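Residue strings, one per chain:
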Amino acid sequence: MAILAVGSVAFDTVRTPFGRADDILGGAATYFSLAAAQFTDVSIVAVVGQDFGERERKVFADRRIDLTGLQQSKGKTFRWGGEYSYELNDRTTLFTELNVFESFQPKVPEAHRRPDILFLGNIHPRLQLEVLRQVEKPRLIAADTMNYWIEGTPKELRAVLEGVDVLLVNDAEARELSGEFNLVRAAEKIKAMGPKMLVVKRGEYGVLLFNEHHRFAAPAYPLETVFDPTGAGDTFAGGFLGYLAQQSSVDNDALRQAIIFGSTLGSFCVEDFGTRRLETLTREEIVDRYRAFKQLTHFEDL
Ligand code: AMP
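Residues numbered from 1 in each chain as written. Predicted model: local features only at pLDDT ≥ 70, side-chain atom pairs only at ≥ 80, totals over all residues. Heavy atoms only, no water.

Student: I tried to follow the overall build of the protein chain on my own but got confused; where do I start?
Tutor: Across its full length, the protein chain holds eleven helices and 14 strands. At 18 Å, the protein chain has a C-alpha radius of gyration in line with the 19 Å of a compact globule built from 302 residues. Each principal axis of the C-alpha distribution contributes one length, and for the protein chain these read about 65 × 40 × 35 Å. In the protein chain, which comprises 302 residues, the share counted as buried stands at 55%. At a minimum sequence separation of 6, the contacts of the protein chain that also span at least 24 residues come to 64%. About 13900 Å² of surface is accessible on the protein chain, with carbon and sulfur atoms providing 48% of the total. (Helix = DSSP H or I, 4+ residues; strand = E, 2+ residues; numbered from the N terminus. Rg over C-alpha atoms; globule rule 2.2 N^0.38 Å. Buried < 20%, exposed > 50% of the residue type's maximum accessible area, 1.4 Å probe, protein only. Contact = heavy atoms within 4.5 Å. Areas by Shrake-Rupley, 256 points an atom, 1.4 Å probe, with all protein chains shown as cover.)

Spelled out as structure tokens, the structure:
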């Protein structure tokens, strides 16, 4: 199996200035896998409740996404609600109901314990560690986290960071984790905690990559319609790692291309509510937008 991903599978309620949607399929592992499955096989380790039905399963089953590691427990699926103002980079969490996540014990199925790439999605660092301990030396280990864990479980988060190659966070999280406002300095401090690479997601301002001695910056694709930014970060991670899974080596050229594929997938995600746009996305549309990105950022040497 090429990528193993652990993270939330959720029902989201989202309000934006352009409309609202209630109890739609969401969660970090959902967005991540829909994006990564455009490039490679993905297996998910997560938990859902009894309210998770065939309609939701079909979204995954129609694609290269294996659900053997998706546990179904007594109770309700994780629920999250968020609201955006016209300042779409800034969102307010309306509620977080952990439900079946409260007693979740991740168990990686035997057949998926040797993934090529491991993605530790944004969940309790203790659960990220449990998954990390169950797998055998992946080629690349990437992790995401959020302010909730940076503030609430710093010790466990530090233990996760010691074991990962790439950390993907947004700019506010990079600042909070490092205690540095300046992102270049923040990157140095975070790299000293363990990750060799840091990817800073900056919403509509694009992405920054800090590798050992290498930096790369990409803008976000200028879109005419932005409906719902939910999941853009996880979708970015799915495109980024999905592309890397196809490459024999993770060199700086491949990393730059992966950043653009991540940005491409993220740009589609925000064009409609929830996972709707990702569900209809074709390979041709992805390649067209990748090329549009190249055009957008190309300039001649002196
Ligand atoms: P993103 O917009 O990429 O940050 O991801 C949004 C997704 O993260 C939503 O679909 C939520 O269901 C999920 N989410 C929000 N808060 C949490 C949390 N505390 N733990 C796990 N998943 C969460």
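Student: Teacher, can you tell me more about the environment of Asp 144 here?
Tutor: By the element assignment, Asp 144 lies in strand E10 (residues 140-144). In this structure the C-alpha to C-alpha distance between Asp 144 and Ile 123, which are 21 residues apart in sequence, comes to 8.3 Å. Not counting chain neighbours up to four residues away, the residues in contact with Asp 144 comprise Phe 119, Leu 120, Gly 121, Asn 122, Gln 128, Leu 168, Val 169, Lys 201 and Asp 234.

Student: In this structure, what is going on with the layout of surface pockets? I would like to understand it.
Tutor: A probe as big as a water molecule, rolled over the atoms, marks out the empty space that is left. In this model, the second largest pocket occupies a volume close to 290 Å³. If you go around the second largest pocket, the residues you meet are Phe 216, Ala 217, Arg 256, Gln 257, Ile 260, Tyr 290, Phe 293, Lys 294, Thr 297, His 298 and Phe 299. Of the residues forming the lining of the second largest pocket, the biggest block, four residues, is contributed by helix H11 (residues 283-297). Among the residues making up the lining of the second largest pocket, the classes are represented as six nonpolar, three polar and two charged. (1 Å grid on protein atoms, 1.4 Å probe; cavity = no way out; pocket = protein on both sides within 12 Å on 5 of 7 lines; lining within 4 Å. Points joined across faces, edges and corners; volume = space filled by probe spheres on them. Nonpolar A, V, L, I, M, F, W, Y, C, P; charged D, E, K, R; others polar.)

Student: Looking at this structure, I do not really get the site of the ligand. What am I missing?
Tutor: Taken together, 16 residues form the shell around the ligand, and within it Ser 8, Asp 12, Gly 27, Gly 231 and Asp 234 come nearest. The side chain of Ser 8 places a nitrogen or oxygen atom 2.8 Å from a nitrogen atom of the ligand. Across the complex, the protein chains shield 89% of the 500 Å² of accessible surface that the ligand would expose by itself. Of all the elements in the fold, those that place two or more residues in the shell around the ligand are strand E2 (10-16), strand E7 (78-84) and helix H8 (232-245). At three residues, H8 tops the list of elements feeding residues into the shell around the ligand. Among the residues making up the shell around the ligand, the classes are represented as six nonpolar, seven polar and three charged. (Near = heavy atom within 4 Å. Polar contact = N/O pair within 3.5 Å; in protein donor to acceptor, adjacent residues only side chain to side chain.)

Student: Where do I start with the packing of aromatic side chains in this structure?
Tutor: Given two aromatic rings, one states the distance between the centres and the angle between the planes to describe the pair. Applying the stated criterion to the full structure yields 14 aromatic pairs. Judged by centre distance (6.0 Å) and plane angle (85 degrees), the ring pair of Phe 18 and Tyr 86 falls under edge-to-face. Placement of the pair is Phe 18 in the loop between E2 and strand E3 (19-26) and Tyr 86 in the loop between E7 and strand E8 (91-97), with a sequence separation of 68 residues. For Tyr 86, a relative accessible area of 65% puts it in the exposed group. Summarising the aromatic geometry, the rings of Phe 18 and Phe 227 are spaced 5.9 Å apart at their centres and angled 85 degrees between planes, so their arrangement reads as edge-to-face. Of this pair, Phe 18 sits in the loop between E2 and E3 while Phe 227 sits in the loop between strand E14 (215-218) and H8, and the two are 209 residues apart along the sequence. For Phe 227, a relative accessible area of 30% corresponds to the partly exposed category. Linked through ring pairs, Phe 18, Tyr 86, Phe 227 and Phe 273 together constitute an aromatic cluster. (Phe/Tyr/Trp six-rings, centres within 6.5 Å; stacked < 30°, edge-to-face > 60°.)

Student: Honestly, the environment of Leu 94 in this entry has me stumped. Any pointers?
Tutor: Tracing the chain through its elements places Leu 94 in strand E8. Sequence separation between Leu 94 and Arg 15 is 79 residues; the distance between their C-alpha atoms is 9.6 Å. Among residues more than four places away in sequence, those in contact with Leu 94 are Arg 15, Gly 81, Gly 82 and Glu 83.

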